[in-house]
Amino acid sequence: MSKRSTTTRSEELLDQALALIPGGVNSPVRAFHAVGGTPPFMVRGDGPWVWDADGRRYLDLVGSWGPLILGHRHPAVLAALRDQLERGWTFGAPTEGEVRLAATIRERMPSVEMLRLVSSGTEATMSAVRLARAATGRSKILKFAGGYHGHADPLLVEAGSGVATLGIPGTPGITPGAAGDTIVVRYNAPPEAEAAFERWPEAIAAVIVEPVAGNMGVVPPAPGFLAGLRDLTRREGTLLIFDEVITGFRVARGGAQARYGVTPDLTCLGKVIGGGLPVGAYGGRRDLMELVAPAGPVYQAGTLSGNPLTVAAGQATLDQLDDGVYQRLETAGQRAADLISGAASEAGVPMIVNRVGSLITPFFTGSPVTDYDSAKASDTARFGRWFHRMLEQGVSLPPSQFEALFVSTAHTPDVIDEFAVALAGSFSGP
Ligand SMILES: *Cc1c(COP(=O)(O)O)cnc(C)c1O
């Protein structure tokens, strides 16, 4: 490729952004620090496509990091948003839409007997942890290395996603007190979790886990891992929290808990349930959720929680998600993963492609990726070069080895064919 002689609009915008917004972005992984270069500034999306400020079109496999399970501007979601816009977009009072959305979630995810809508996944996990501590009278939280549960202080310890991407070992600004109640053990390593309970008996309020890890790249739960956590937590009087912010209504109609047949006490949701608008939710056993204010004493609130636009987009999205959709997502995900593996092996590039449904991570390593350590064995420099070749070919991938590619229903067989064309030759070279 010859270097463009003129500055692109995205480069101009990044220059301006760098003076105004830390790193030029409002969420760290968008900044391309892990892969280098200038992130395209996006101006439009439609179906599986996005267009940048320079008029370039990309096949989008970021999907806004998970919410866009139907792709961009799905007609049903657009219509629901337009309809709500005409009627006003926030009232600070209860609305019928919230009741419907809660009922839809409970019907598909029966462990969620009651739920509270919030405005981000971070708020959901933060609130679920508070509730677990209140319900058990215990302080400690057990999480898994490389698990990302939003950016609340106690959960940022050894976290995945941007923390993994940027190689930040911990985050300044978190007090020893906030971090000290967090125990971190390896994902897919039941003996380590058991040992933590022996070391801190009757001290652990909750185990929080991504039932399919998505923020160290995609790492499926080993057979029996989730069921083992269920048994262990039940025996120890500890609450099991599934962080289904990515997996909820993504990996199955009833989320990961349906796909793997393991029932948590509390579930955190986000992403898909807002259809692309800011959202989160936490819910679970009625006796626990009735502790939340104003039903109970555990305070938690939000000016824009259950926002009518979010609720309209979320409901319209969930209404589209029938069994046929999950079958199509499975098929599209399988085909995309096979194409990546095939192209890599043809080029002699060692690669492990992890996939659960429409979540895919191609790891640049020859050894199985089952936890954060094995994920970190990947050749991230090589990932960066592949990422840029794909971008040149008009494919927008998550700009980090430690994230998932998100396939949507807009990724029809024809679109996957275009992906195949872009992949050809993308692994050759250094
Ligand atoms: C994205 C994510 C969060 C945080 O959600 P935000 O809406 O970004 O605050 C929490 N947990 C998991 C598993 C996530 O993927």
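What counts as what
- Residues numbered from 1 in each chain as written.
- Predicted model: local features only at pLDDT ≥ 70, side-chain atom pairs only at ≥ 80, totals over all residues.
- Heavy atoms only, no water.
- Helix = DSSP H or I, 4+ residues; strand = E, 2+ residues; numbered from the N terminus.
- Pairing = 2+ DSSP bridges.
- Contact = heavy atoms within 4.5 Å.
- Axes fitted to C-alpha atoms, helices over the stretch in contact; angles between N-to-C directions.
- Domains from an automatic or database assignment.
- Buried area = accessible area lost by both parts, 1.4 Å probe.
- Salt bridge = Lys/Arg side-chain N within 4 Å of Asp/Glu carboxyl O.
- Polar contact = N/O pair within 3.5 Å; in protein donor to acceptor, adjacent residues only side chain to side chain.
- Buried < 20%, exposed > 50% of the residue type's maximum accessible area, 1.4 Å probe, protein only.
- Arc of directions from axis to C-beta.
- Near = heavy atom within 4 Å.
- Areas by Shrake-Rupley, 256 points an atom, 1.4 Å probe, with all protein chains shown as cover.
- Nonpolar A, V, L, I, M, F, W, Y, C, P; charged D, E, K, R; others polar.

Draft legend 1. Unusual backbone geometry, seen in detail. The omega torsion of the bond from Ala 293 to Pro 294 falls at 5 degrees, within 30 degrees of zero and hence cis. In this fold, Pro 294 is placed in the loop between helix H10 (286-289) and helix H11 (308-320). At Arg 73, a residue that is not glycine, the phi angle is positive and equals roughly 55 degrees. Here Arg 73 shows up in the loop between strand S3 (57-60) and helix H2 (75-87). With a phi angle near 55 degrees, Glu 202 is a residue other than glycine that sits in the positive phi range. With respect to the helices and strands, the residue Glu 202 is situated in the loop between helix H7 (190-199) and strand S7 (204-209).

Draft legend 2. Quick peek at the sheet that holds S3. Read across the open sheet, the 4 strands follow the order S1-S2-S3-S13; overall the sheet is mixed. Each edge of the sheet is formed by a strand with only one pairing partner; in this case those strands are strand S1 (42-46) and strand S13 (395-396). The sheet contact formed by S3 and S13 spans 2 bridges and is parallel. Counterpart to Leu 59 in the pairing with S13 is Val 395. Set on the sheet, helix H15 (residues 413-423) makes contact with strand S2 (49-52), S3 and S13; between it and S3 the angle comes to about 110 degrees.

Draft legend 3. Main features of the sheet that holds strand S8 (residues 239-243). The strand order across the open sheet formed by 7 strands is S4-S10-S9-S8-S7-S5-S6, and the pairing between neighbours is mixed. Taken across any chain shown, the strands that pair with only one partner, and hence form the sheet edges, are strand S4 (114-118) and strand S6 (182-185). In this sheet, adjacent strand axes meet at a mean angle of 20 degrees when their direction is disregarded. As judged from the 4 bridges shared by strand S5 (residues 140-144) and S6, these two strands associate in the parallel manner. Within the sheet, the bridge partner assigned to Leu 142 lies in S6 and is Ile 183. In the packing of H7 onto the sheet, the strands contacted are S5, S6 and S7, and the crossing angle to S6 comes to about 150 degrees.

Draft legend 4. How the structure looks around the domain arrangement of the chain. In terms of domain boundaries, the chain breaks down into domain 1 (9-73 + 322-423) and domain 2 (75-320). Together, Tyr 326, Val 356 and Tyr 372 form the three largest contributors to the area buried by domain 1 at its contact with domain 2, with a combined 22%. Arg 186 serves as the salt-bridge partner of Asp 371, at 3.0 Å between the closest nitrogen and oxygen. For the pair domain 1 and domain 2, the interface holds 11 residue pairs in polar contact (both at pLDDT 80 or more). For the side of domain 1 that touches domain 2, the secondary-structure elements that each account for two or more residues are helix H12 (323-346), strand S11 (352-356), strand S12 (359-363) and helix H13 (372-376).

Draft legend 5. Up close: H7. Of the positions making up H7, those classed as buried are Ala 193, Ala 196 and Phe 197. Viewed end-on, H7 has its buried residues packed into an arc of 95 degrees, placing them on one side of the element. Turned more than 90 degrees away from the buried face of H7 sit Pro 191, Glu 198 and Arg 199, all of them exposed. Structurally, H7 contributes buried residues whose contacts are with S5, S6, S7 and helix H8 (225-236).

Draft legend 6. Spotlight on the pattern of salt bridges. Counted by the stated rule, this structure contains 17 salt bridges. In this structure, the salt-bridge partner of Arg 285 is Asp 265, at a minimum N-O distance of 3.1 Å. With Arg 285 in the loop between strand S10 (280-284) and H10 and Asp 265 in the loop between helix H9 (255-260) and strand S9 (266-270), this pair connects stretches of sequence that are 20 residues apart. Overlapping salt bridges bring together Arg 230, Asp 265, Arg 285 and Asp 287 as one network.

Draft legend 7. View of the site of the ligand. Ser 120, Gly 121, Thr 122, Tyr 148, His 149, Gly 150, Glu 210, Asn 215, Asp 243, Val 245, Ile 246 and Lys 271 make up every residue found near the ligand. Between the ligand and the protein, one listed contact pairs an oxygen atom with a side-chain N or O atom of Lys 271 at 2.6 Å. Protein contacts shield 83% of the accessible area of the ligand, which totals 380 Å² for the unbound molecule. By residue class, the composition of the shell around the ligand is 3 nonpolar, 6 polar and 3 charged.

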